[in-house]
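# Observations on the three-dimensional arrangement
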Amino acid sequence: MSPQIWRSASRAAKSLLSSASRSSRFYSEGRAVASAVSFSGKLPFLASAHGRTGSSNMSRQWISGALAIPAAVYMLQEQEAHAAQMEQTFIAIKPDGVQRGLISEIVSRFERKGFKLVAIKVVVPSKEFAQKHYHDLKERPFFNGLCDFLSSGPVIAMVWEGEGVIKYGRKLIGATDPQKSEPGTIRGDLAVVVGRNIIHGSDGPETAKDEINLWFKPEDLHQFRYLIKSGMS
């Protein structure tokens, strides 16, 4: 590749990078293009090896090759950007939801939305454990009854992962009072009274972190790894 073409390609790649936001897909593609151009620039002798008459065509081929980044590269770049946006939330199916056989129904709703299940277990919490879980409600008159109910039978404890999973998980669950929950939500469709509202979900990032740490050990959480075939031999 001639020095002039190489410098032009480098400037174009740098301009692409500087004009795009680091969190955008455009930036990710620009970074991939810049990397490919840089790689191509290390092999100028391939063009000169074909003689002066073939150097122009060879240069154009290298520019085209540099820009023809496999789709897998773009996907990997996008995953890097999305990784920072991923969050986790704690979801528990309460004893009444377990007793009524609603586990698969509730799990499927989160799955169909596209969230990933990274931890799940069945546990019968003690009352002391339930008190730790509901510690922020200890001044409320219904605190003891709430703890008695949570510790009355098996609970399905889960950690779900995804973009916006905390906020949207709450929407998916519905209002605390099933009578005020919209149709289409879990409580709106499946529950009737506040005292038996079948499911719990973290209401914010700090609460999610605390509840996940209370119910699970770090090694209990499954870490997803994405394997992408580039199509290259």
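Rules used throughout
- Chains are numbered independently. Their residues run from 1 in the order of the written sequence.
- Thresholds applied to this predicted model are a pLDDT of at least 70 for local features of residues and 80 or more for the giving and counting of side-chain atom pairs; totals over whole chains, interfaces and linings are not thresholded and use all residues.
- Note that water and hydrogens are dropped before the side-chain values are worked out from all heavy atoms of the structure.
- Here a cavity denotes grid points, spaced 1 Å and computed from the protein atoms alone, that fit a 1.4 Å probe unable to get out, and a pocket denotes an open set having protein on both sides within 12 Å along at least 5 of 7 lines; residues with an atom within 4 Å of a point are the lining.
- Grid points are joined across faces, edges and corners, and a volume is the space filled by probe spheres set on the points.
- Only DSSP runs of H or I reaching four residues or more are called helices, and only runs of E reaching two or more are called strands; each is numbered from the N terminus.
- The residue classification treats Ala, Val, Leu, Ile, Met, Phe, Trp, Tyr, Cys and Pro as nonpolar and Asp, Glu, Lys and Arg as charged. All others, Gly included, are polar.
- Take the buried Ala, Val, Leu, Ile, Met, Phe, Trp, Tyr and Cys residues and link them wherever side-chain atoms come within 4.5 Å; each set so joined is a nonpolar core.
- Each residue gets one of three labels from its accessible area relative to the maximum for its type: buried under 20%, exposed over 50%, partly exposed in between, using a 1.4 Å probe on protein chains only.
- UniProt positions are given in the numbering used here, feature names are shortened, and annotations may be inferred rather than shown by experiment.
- When checking whether two residues touch, look at their non-hydrogen atoms; a contact exists if any pair is within 4.5 Å.
- Working definition: a ring pair exists when centres of Phe, Tyr or Trp rings (six-membered ring for Trp) sit within 6.5 Å. Plane angles under 30 degrees give stacked, over 60 give edge-to-face, the rest tilted.
- Only when the NZ of Lys or the CZ of Arg is both within 6 Å of the ring centre and within 35 degrees of the ring normal is a charge said to sit over the ring.
- The directions from the helix axis to the C-beta atoms form the arc being described.

On to the layout of surface pockets. Space inside the largest pocket adds up to approximately 650 Å³. Together, 28 residues line the largest pocket, and Tyr134, Asp136, Leu137, Leu146 and His200 are the ones closest to its centre. When residues of the lining of the largest pocket are traced back to their parent elements, those giving at least two are helix H8 (127–133), helix H9 (143–150), strand S4 (199–201) and helix H12 (205–215). Sorting elements by how many residues they give to the lining of the largest pocket places H12 first, with 4 residues. Here the lining of the largest pocket is composed, by residue class, of 8 nonpolar, 10 polar and 10 charged.

Once that is clear, we can look at the nonpolar core. By size, the foremost hydrophobic cluster in this structure holds 21 residues, and its most contacted members are Ile106, Phe110, Trp160, Ile186, Ile198 and Ile199. Of all the secondary-structure elements, those providing two or more residues to this core are strand S1 (86–93), helix H7 (103–113), strand S3 (155–163), helix H10 (165–173) and helix H11 (186–190). Take this core: its biggest share by element is 4 residues, from H10. In this structure, Phe90, Val118, Ala157 and Leu221 belong to the second largest nonpolar core, which totals 17 residues.

Attention shifts here to the UniProt feature "active site" (unreviewed entry) in the protein chain. Feature annotation in UniProt places "active site" (unreviewed entry) on His200, given in this structure's numbering. For His200, a relative accessible area of 13% corresponds to the buried category. Once you skip the residues sitting within four places of it in the chain, His200 turns out to touch Phe90, Ile91, Ala92, Lys94, His133, Ile173, Arg187 and Glu211.

Using the criterion set out here, one finds 5 aromatic pairs in the structure. Their ring planes at 85° and their centres at 4.7 Å tell us that Phe129 and Trp215 sit as a pair that is edge-to-face. Highlighted residues: Phe129 in helix H8 and Trp215 in helix H12, separated in sequence by 86 residues. For Phe129, a relative accessible area of 21% translates into the label partly exposed. Taking relative accessible area as the criterion, Trp215 reaches 4% and is therefore assigned buried. Grouped by ring-pair contacts, the aromatic residues Phe110, Phe115, Trp160 and Tyr168 constitute a single cluster. A cation over an aromatic ring shows up here: Lys113 above the ring of Tyr168, its NZ or CZ 4.1 Å from the ring centre.

Another aspect to go through is unusual backbone geometry. Positioned with a positive phi, Ile198 is a non-glycine residue whose angle comes to about 60°. In this structure, Ile198 sits in the loop between H11 and S4. The exposure class of Ile198 is buried, given its relative accessible area of 0%.

What follows deals with H12. Taken residue by residue, H12 has Ala208, Glu211, Ile212 and Trp215 as its buried positions. One side of H12 holds all its buried residues, which, seen down the axis, span an arc of 100°. Facing away from the buried side of H12 by more than 90 degrees, the exposed set consists of Glu206, Lys209 and Asn213.

Sites flagged by UniProt as "binding site: ATP" (unreviewed entry) map to Lys94, Phe142, Arg170, Thr176, Arg187 and Asn197. Lining residues of the largest pocket, restricted to the annotated ones just named, are Lys94, Phe142, Arg170, Thr176, Arg187 and Asn197. The exposure class assigned to Arg170 is partly exposed, which follows from its relative accessible area of 33%. Not counting residues within four places of it along the chain, the set of residues in contact with Arg170 comprises Gly201, Ser202 and Asp203. Along the chain, Thr176 turns up in the loop between H10 and H11. Looking at Thr176, the relative accessible area reads 46%, which means it is partly exposed. Not counting chain neighbours up to four residues away, the residues in contact with Thr176 comprise Arg187, Val194 and Asn197.

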